[in-house]
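Close look at the chain arrangement
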Amino acid sequence: MNWALTGAFLFWAGAWALNEWLARLNPRSASAKRALGILIPAIFGITLLVVWEGLVRGFNISPVLLTPPSAIWARLVSSVPTLWADFQQTFLKAVLIGYAIGCGAGFLTAIAIDRSPFLQRGLMPLGNFVSALPIIGVAPIMVMWFGFDWPSKAAVVIIMTFFPMLVNTVQGLTASTAIDRDLMRTYASSYWQTLFKLRLPAAAPFIFNALKINSTLALIGAIVAEFFGTPIVGMGFRISTEVGRMNIDMVWAEIAVAALAGSLFYGAVALLERAVTFWHPSIRSG
Amino acid sequence: MTAAAGTAPAGATTPFFRRAVEGKTLPILIVLGVIVLIWYAFTVYLNAPWQIDAYERAGTEWTAADLVRDTMAQERPVLPSPHQVVAEIWKTTVGTRLTSKRNLFYHAWITLSSTLLGFVIGTALGVLLAVGIVHNRAMDKSVMPWVIASQTIPILAVAPMIIVVLNAIGLSGLLPKALISTYLSFFPVVVGMVKGFRSPEAFQLDLMRTYNASGAQTFWKLRWPAALPYLFTSMKVAVAISLVGAIVGELPTGAVSGLGARLLAGSYYGQTVQIWSALFMAAALAAILVGVVGIGQRMVMARMGEKP
């Protein structure tokens, strides 16, 4: 037992006890409750980092095997320009463009086949089936078709995001109840009026569900597609080359950026959802 | 009376026909047929430039019929035609010895074994963690937000590093790939099972309390059965994503076997037909895995007395 291990262990025990105590608190005010809701997971996250650092130092694990968080942070700060260039290439170009086109196309297709029960019955099982497939495998084909630069990655992202959006939107369009639709009929509203005023708002929770699923899928798709060939910039490219050169701290830094970008992207969609579907029970209670 | 007698024989034959039209079979078949037609059209369209170029170099006369025939029989087409892919799959599954490295079943088996190992470990871990989260308030509050946050992280990006690092300490072969599958399959199970263990309603829990049931009894007789439907739903997601993890896990290390390795080798050497056949194999594997979980679900649910 050396000091780093003991320290990490003591910190973990202390943080655990603190969390047990905090979780049992039942504050009256809503703001205190919200603060607790942030504080407890934050303590847990910090504990993870401290234990990680302590384990690496205590057992003298080689940094190639498991890089301590402090070294990752140092690397992250020292190579901001590279990381920013990779982020631009992968996230701002491939992910965002592919995400917008893929989700848009899925949404429009769902609206288009909405009026044809025949197409719905034909396409929906296929869409559900495709959602379970390892679509990521089309990446090498897309790289062959659209070249090494970001359009091929965007194409992979489009294919990956299309089907979840299609399936969820079609499901969402059936979410309004018969009473609501009958009411719209008594108002003599047209198909499009019913669509925009009743069925699309009712479908919003489903659509946002797809948007959230897709935000993760898009990032994964773009990064993995870069394993199949890229220009010399991009997060997936950096990860695969730096792994080959055993610069594991750079890989971790890249992963940290990807994690941060993924969480922010997801968080942005979730915030938008709160703003749009404020009426939904799951939001009202929270 | 006569009318009823007249419709009776027709009624005996129509259910099948009606099911085909009003059910999902016919629409799916038609949509699939249209997709295949579009595929053939694109095969001609995408492969034509190269083929025309080849004609001009050879200086041969060509007609539209020649063009259509030859674009579907190229060695390295931009888009192989469906029958080329089917022929390639047939050749590499039935046409070669099972133990040969050229056999697609061999590669599928490599991928399948790490998928299954990762899936089993991941599901077990996920259930255990969900039990902890449901029974411990501190764990619920501290771990759950991180489980959800971790889903927003592109875990697959870590895959090459895990493989290389584990290789560096001497772990190679099945386990590193299975670990990636574990990592991926474990989150849907945690989220689904936490929901499932919480699905018994308050009055049901109260009833258990009036029976003076212990914690373990409440768990095994109420919470676990109530969570089973959730378990199967999340297992379907988990097994699909587990396969993706196994395939991606085969990409970075220059693995020599597995469907992911076939994809990578195909992309290095421009063997499009090989890529497509590996893709179709992966799709079939995913369908079988999800189907098997679905059958398990139906069997368990039937034994639990659920009406179909």
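Residues numbered from 1 in each chain as written. Chains lettered and ligands numbered in written order. Predicted model: local features only at pLDDT ≥ 70, side-chain atom pairs only at ≥ 80, totals over all residues. Heavy atoms only, no water.

**Things to note about the overall build of chain A**
Secondary structure assignment for chain A yields 12 helices and 0 strands. A compact globule built from 286 residues would reach a C-alpha radius of gyration of about 19 Å, whereas chain A, at 24 Å, exceeds it by more than 25%. Projected onto the principal axes, the alpha-carbon positions of chain A cover approximately 75 × 60 × 30 Å. In chain A, which comprises 286 residues, the share counted as buried stands at 48%. Accessible surface, chain A: about 14000 Å² in total, of which carbon and sulfur atoms supply 71%. (Helix = DSSP H or I, 4+ residues; strand = E, 2+ residues; numbered from the N terminus. Rg over C-alpha atoms; globule rule 2.2 N^0.38 Å. Buried < 20%, exposed > 50% of the residue type's maximum accessible area, 1.4 Å probe, protein only. Areas by Shrake-Rupley, 256 points an atom, 1.4 Å probe, with all protein chains shown as cover.)

**A look at the overall build of chain B**
Summing up its helical and strand segments, chain B has 12 helices and 0 strands in all. Here chain B holds 308 residues, and the buried ones make up 45% of them. Surface accessibility of chain B: about 16400 Å² in total, with carbon and sulfur atoms responsible for 69%.

**Re the packing of helix H7 (residues 150-173) of chain A against helix H9 (residues 191-225) of chain A**
Residue and element names in this part refer to chain A. Closest axis-to-axis distance for the H7/H9 pair is 7 Å, and the angle between their directions is 155 degrees. Relative to H9, the element H7 is oriented roughly antiparallel. The two elements H7 and H9 cross, and the hand of that crossing is right-handed. (Axes fitted to C-alpha atoms, helices over the stretch in contact; angles between N-to-C directions. Parallel < 35°, antiparallel > 145°, perpendicular 65-115°, else oblique. Left-handed = near helix turned anticlockwise from the far one by under 90°.)

**Overview of the packing of helix H6 (residues 139-146) of chain A against helix H12 (residues 272-303) of chain B**
At a minimum axis distance of 10 Å, the contact between H6(A) and H12(B) shows a crossing angle of 150 degrees. Where H6(A) crosses over H12(B), the two elements pack in a sense that is left-handed. Residues A:Pro140, A:Ile141 and A:Met144 of H6(A) lie in contact with H12(B), whose contacting residues are B:Thr272, B:Ile275, B:Trp276 and B:Leu279. Its residues assigned to classes, the contact of H6(A) with H12(B) shows 6 nonpolar, 1 polar and no charged. (Contact = heavy atoms within 4.5 Å. Nonpolar A, V, L, I, M, F, W, Y, C, P; charged D, E, K, R; others polar.)

**Comments concerning a nonpolar patch on the surface**
On the surface, A:Phe118, B:Leu26, B:Ile30, B:Val34, B:Ile38, B:Phe42 and B:Tyr45 cluster together into a nonpolar patch covering about 640 Å² of accessible area. Looking at which element gives the most residues to the nonpolar patch, the answer is helix H2 (residues 25-58) of chain B, with 6 residues. By the secondary structure assignment, B:Val34 is in helix H2. (Patch = residues over 30% accessible without salt bridge, like charges linked within 9 Å, V, L, I, M, F, W, Y side chains within 5 Å. Salt bridge = Lys/Arg side-chain N within 4 Å of Asp/Glu carboxyl O.)

**Quick word on the nonpolar core**
One finds A:Val224, B:Met161, B:Met193 and B:Val248 to be the most contacted residues of the largest nonpolar core, which totals 117 residues. Among the elements that make up this core, the one with the highest residue count is H9(A) (15 residues). The next biggest cluster of nonpolar side chains, apart from the first, holds 7 residues, and it includes A:Leu22, A:Leu36, A:Ile43 and B:Ala138. (Core = buried A, V, L, I, M, F, W, Y, C linked by side-chain atoms within 4.5 Å.)

**Observations concerning the interface of chain A and chain B**
Each side of the interface is counted separately: chain A has 49 residues, and chain B has 56 residues. Summing both partners gives a buried area of about 4400 Å² for chain A against chain B, and 84% of it is carried by carbon and sulfur. For the chain A face of the interface with chain B, the top three residues by lost area are A:Arg121, A:Pro134 and A:Trp145, together amounting to 13%. At the junction of chain A with chain B, the criterion picks out 0 salt bridges. For the pair chain A and chain B, the interface holds 0 residue pairs in polar contact (both at pLDDT 80 or more). Listed by contribution, the elements that provide at least two residues to the side of chain A that touches chain B are helix H1 (3-24), helix H2 (30-58), helix H5 (117-131), H6, H9, helix H10 (235-244) and helix H11 (248-276) of chain A. Broken down by class, the residue content of the side of chain A that touches chain B amounts to 39 nonpolar, 7 polar and 3 charged. (Buried area = accessible area lost by both parts, 1.4 Å probe. Polar contact = N/O pair within 3.5 Å; in protein donor to acceptor, adjacent residues only side chain to side chain.)

**Some thoughts on the pattern of salt bridges**
All names here are of chain B. On inspection of all chains with the given rule, the structure shows 7 salt bridges over all chains. Residue Arg57 is joined to Asp53 by a salt bridge in which the shortest nitrogen-to-oxygen separation is 3.1 Å. Placement of the pair is Arg57 and Asp53 together in helix H2, with a separation of 4 residues, close to one helical turn. Two residues, Glu88 and Lys91, come together in a salt bridge whose shortest N-O distance is 3.9 Å. With a gap of 3 residues between them, Glu88 and Lys91 both fall in helix H4 (residues 82-93), about one helical turn apart. Looking at Glu88, the relative accessible area reads 16%, which means it is buried.

**Quick word on the confidence of the model for chain A**
Looking at chain A, the pLDDT average stands at 83 and 98% of residues meet or exceed 70. Ranking the elements of chain A by mean pLDDT puts helix H12 (residues 281-284) of chain A last, at 66, and helix H8 (residues 178-186) of chain A first, at 90. (pLDDT = per-residue confidence, 0-100.)

**A closer look at the domain arrangement of chain A**
On domain assignment, one finds that chain A holds domain 1 (3-61) and domain 2 (75-284). Of note, the centres of domain 1 of chain A and domain 2 of chain A, computed from C-alpha atoms alone, are 34 Å apart. (Domains from an automatic or database assignment.)

**Regarding the packing of aromatic side chains**
This model, assessed by the stated rule, comprises 21 aromatic pairs over all chains. Taken together, a centroid distance of 6.5 Å and an interplanar angle of 70 degrees make the contact between A:Trp145 and A:Phe146 edge-to-face. Residue A:Phe146 is classed as partly exposed on the basis of its relative accessible area of 44%. Between B:Phe197 and B:Trp224 the ring centres are 6.3 Å apart and the planes differ by 35 degrees, which places this aromatic pair in the tilted class. Note that B:Phe197 is positioned in helix H8 (residues 174-197) and B:Trp224 in helix H10 (residues 215-249), a separation of 27 residues in sequence. (Phe/Tyr/Trp six-rings, centres within 6.5 Å; stacked < 30°, edge-to-face > 60°.)

**A look at the side chain of A:Lys212**
Residue and element names in this part refer to chain A. Among the secondary structure elements, Lys212 is positioned in helix H9. For Lys212, a relative accessible area of 18% puts it in the buried group. At a separation of 2.8 Å, a polar atom in the side chain of Lys212 contacts the side chain of Glu273. Excluding residues within four positions of it along the chain, Lys212 makes contact with Tyr266, Val269 and Glu273.

**What to know about the domain arrangement of chain B**
Residues and elements named next belong to chain B. Looking at chain B, the domain boundaries give domain 1 (2-79) and domain 2 (104-303). Counting from both sides, the interface comprises 6 residues of domain 1 and, opposite them, 7 residues of domain 2. Carbon and sulfur atoms make up 57% of the surface buried where domain 1 meets domain 2, a total of about 470 Å² over both sides. The largest per-residue losses of area from domain 1 upon contact with domain 2 belong to Trp39, Arg76 and Pro77, which jointly make up 70% of the total buried on that side. Joining domain 1 to domain 2, the criterion identifies 0 residue pairs in polar contact (both at pLDDT 80 or more). When its residues are assigned to classes, the side of domain 1 that touches domain 2 shows 4 nonpolar, no polar and 2 charged.

**Some remarks on the environment of B:Ala246**
The residue B:Ala246 is located in helix H10 in this model. Excluding residues within four positions of it along the chain, B:Ala246 makes contact with B:Thr111, B:Ser114, B:Thr115, B:Lys177 and B:Ser181.

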